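Architecture at a glance
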Amino acid sequence: MNGTGMLKSDLNRLFHGKRLYISILLVFGIAFLGLVPEIRAAGGSVSVYYLINARHGLGAFFVAMTTIVALPFGLGYAEDVKYNYIHCLHSRQGLYIYGTAHILTTAIGGFLTVFVGYLLFYGGALLKFPLCDSHDMEMLAELVLVGGASVYERLLLSEFPISYLICVCATEAMGYSFLATLTVAASTRVKNIFIILSVPLIFHYGSTLLCEMLELPGVFRWYYVLSSGGFLANLNLNIWRTMLFVFLYFFSFICIVGVVFISGMEKKYKNG
């Protein structure tokens with residue numbers, strides 16, 4: 001099977017399975033349960049902009065998300081090994097094609113889980129709450145004047161303010177798609193499913209600690225890029241260039257994980 005055929009086969013598994021849709025509903029449910037206390041604390045007088053910013057303070061929210069994004073396809077390799085499908089690939093080229101398709105499908109599954117789940121929740125919130133209230137608009141106008149508004153926040157004052165919601169959700173979804181691929185790479189070396197699903201969280205805390213200890217520059221702090229664009233949001237580019245660089249930034253990490261995954265498969269194949 002060629003690369004296109006393998007990718008198509010994996011995408012069929014992704015979209016015809018239940019896990020993707022269950023994961024999307026879980027993201028919606030976690031966002032709802034996590035932010036309802038914020039709504040109640042504010043007496044129901046909140047904006048969607050406020051709710052989007054409030055999600056960053058929920059530690060348990062992030063922990064759950066790192067597991068959910070791996071559910072659609074992150075365990076696919078472990079299942080293929082369990083049911084002996086992987087043993088049908090008897091050549092190095094076959095492993096390369098399989099690995100590339102598997103990593104891409106896992107990333108797509110992780111992206112769609114977060115992006116669609118967020119749009120369902122925040123889109124539903126727009127039926128009850130405004131995107132921005134008067135207080136938010138005054139604050140944003142002041143931030144723009146002093147140059148303190150992010151490239152994302154400036155969209156709220158544009159002709160199409162809804163693009164703010166789309167770009168914020170897409171940025172975070174791309175970051176989570178990278179985290180989802182870590183589970184695939186880990187599954188070539190670890191058999192315990194619970195440990196495999198915890199790898200993104202371990203990577204997050206480990207890389208955060210390393211960046212703080214070594215005082216590494218913003219380009220290494222991927223977790224800031226995931227949540228708010230990080231250093232890319234401070235380059236004074238327009239939003240579409242920023243989004244392009246965000247996607248390329250995380251795609252480069254996904255490619256690195258893909259190389260690690262394929263290398264792990266080859267080593268496992270050689271060792272029997």
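Residues numbered from 1 in each chain as written. Predicted model: local features only at pLDDT ≥ 70, side-chain atom pairs only at ≥ 80, totals over all residues. Heavy atoms only, no water.

**Things to note about the overall build of the protein**
For the protein, the helix and strand inventory stands at 11 helices and zero strands. Along the protein, helices and strands appear, N-terminal first, in the series α-α-α-α-α-α-α-α-α-α-α. The C-alpha atoms of the protein give 20 Å as radius of gyration, which agrees with the globular expectation for 272 residues (19 Å, within 12%). Here the C-alpha coordinates of the protein stretch approximately 65 × 35 × 35 Å along the principal axes. In the protein, the share of contacts with a sequence separation of at least 24, taken over all contacts with a separation of at least 6, comes to 77%. (Helix = DSSP H or I, 4+ residues; strand = E, 2+ residues; numbered from the N terminus. Rg over C-alpha atoms; globule rule 2.2 N^0.38 Å. Contact = heavy atoms within 4.5 Å.)

**Overview of the packing of aromatic side chains**
Applying the stated criterion across every chain yields a total of 18 aromatic pairs. Centroid distance Phe178 to Phe203: 5.7 Å. Interplanar angle 80°. Geometry classified as edge-to-face. Within this pair, whereas Phe178 is found in helix α8 (residues 162–186), its partner Phe203 is found in helix α9 (residues 193–214), the two being separated by 25 residues in sequence. The class of Phe178 is buried, set by a relative accessible area of 2%. Taken together, the aromatic side chains of Phe178, Phe203, Trp222, Tyr223, Tyr224, Phe231, Tyr249, Phe250 and Phe253 make up a single cluster linked through ring pairs. (Phe/Tyr/Trp six-rings, centres within 6.5 Å; stacked < 30°, edge-to-face > 60°. Buried < 20%, exposed > 50% of the residue type's maximum accessible area, 1.4 Å probe, protein only.)

**Comments concerning a nonpolar patch on the surface**
Where nonpolar side chains cluster on the molecular surface, the patch consists of Phe28, Phe32, Leu33 and Leu120 and spans about 390 Å² of accessible area. Inspection of the secondary structure assignment puts Phe28 in helix α2 (residues 19–41). (Patch = residues over 30% accessible without salt bridge, like charges linked within 9 Å, V, L, I, M, F, W, Y side chains within 5 Å. Areas by Shrake-Rupley, 256 points an atom, 1.4 Å probe, with all protein chains shown as cover. Salt bridge = Lys/Arg side-chain N within 4 Å of Asp/Glu carboxyl O.)

**A closer look at the pattern of salt bridges**
A side chain with one charge can pair with a side chain of the opposite charge if their charged atoms come near. Counted by the stated rule, this structure contains four salt bridges. Notably, a salt bridge pairs Arg13 with Asp10, separated by 3.7 Å at the nearest N-O pair. With Arg13 and Asp10 both in helix α1 (residues 3–16) and three residues apart, this pair spans about one turn of that helix. Judged by its relative accessible area of 2%, Asp10 falls in the buried class. Measuring nitrogen to oxygen at the nearest pair gives 2.5 Å for the salt bridge that ties Glu79 to Arg19. One end of the pair, Glu79, is in helix α5 (residues 76–82); the other, Arg19, is in helix α2, with 60 residues separating them in the sequence. On the basis of relative accessibility, which here comes to 38%, the residue Arg19 falls in the partly exposed class. Sharing partners across several salt bridges, the network here consists of Asp10, Arg13 and Asp80.

**Here we look at the nonpolar core**
Counting 75 residues, the largest nonpolar core has Tyr122, Tyr152 and Phe250 as its most contacted members. Those elements giving two or more residues to this core turn out to be α2, α3 (48–54), α4 (59–68), α6 (92–125), α8, α9, α10 (222–228) and α11 (239–270). With residues up to four places along the chain from it excluded, the contact list for Tyr122 reads Leu35, Val48, Leu51, Ile52, Arg55, Leu165 and Cys169. (Core = buried A, V, L, I, M, F, W, Y, C linked by side-chain atoms within 4.5 Å.)

**Considerations on the environment of Ile86**
Note on placement: Ile86 falls in the loop between α5 and α6. We classify Ile86 as buried; its relative accessible area is 9%. Expressed as a C-alpha distance, the spacing of Ile86 and Tyr269, which sit 183 residues apart in the sequence, is 9.4 Å. Residues in contact with Ile86, not counting those within four places in the same chain, are Tyr77, Asp80, Val81, Leu95, Tyr98 and Met265.

**A short note on the confidence of the model for the protein**
Residues with a pLDDT of 70 or more make up 95% of the protein, whose mean pLDDT is 89. Least confident of the elements in the protein is α4, whose mean pLDDT is 82; most confident is α8, at 95. (pLDDT = per-residue confidence, 0-100.)

**What about α1?**
For α1, built from 14 residues, the straight-helix expectation of 20 Å at 1.5 Å per residue is met to within 8% by its first-to-last C-alpha distance of 20 Å. Those residues of α1 lying buried are Met6, Asp10 and Leu14. The arc that holds every buried residue of α1, seen down its axis, measures 75°, which confines them to one face. With respect to the buried face of α1, the exposed residues turned more than 90 degrees away are Thr4, Lys8 and His16. (Expected span 1.5 Å × (residues − 1). Arc of directions from axis to C-beta.)

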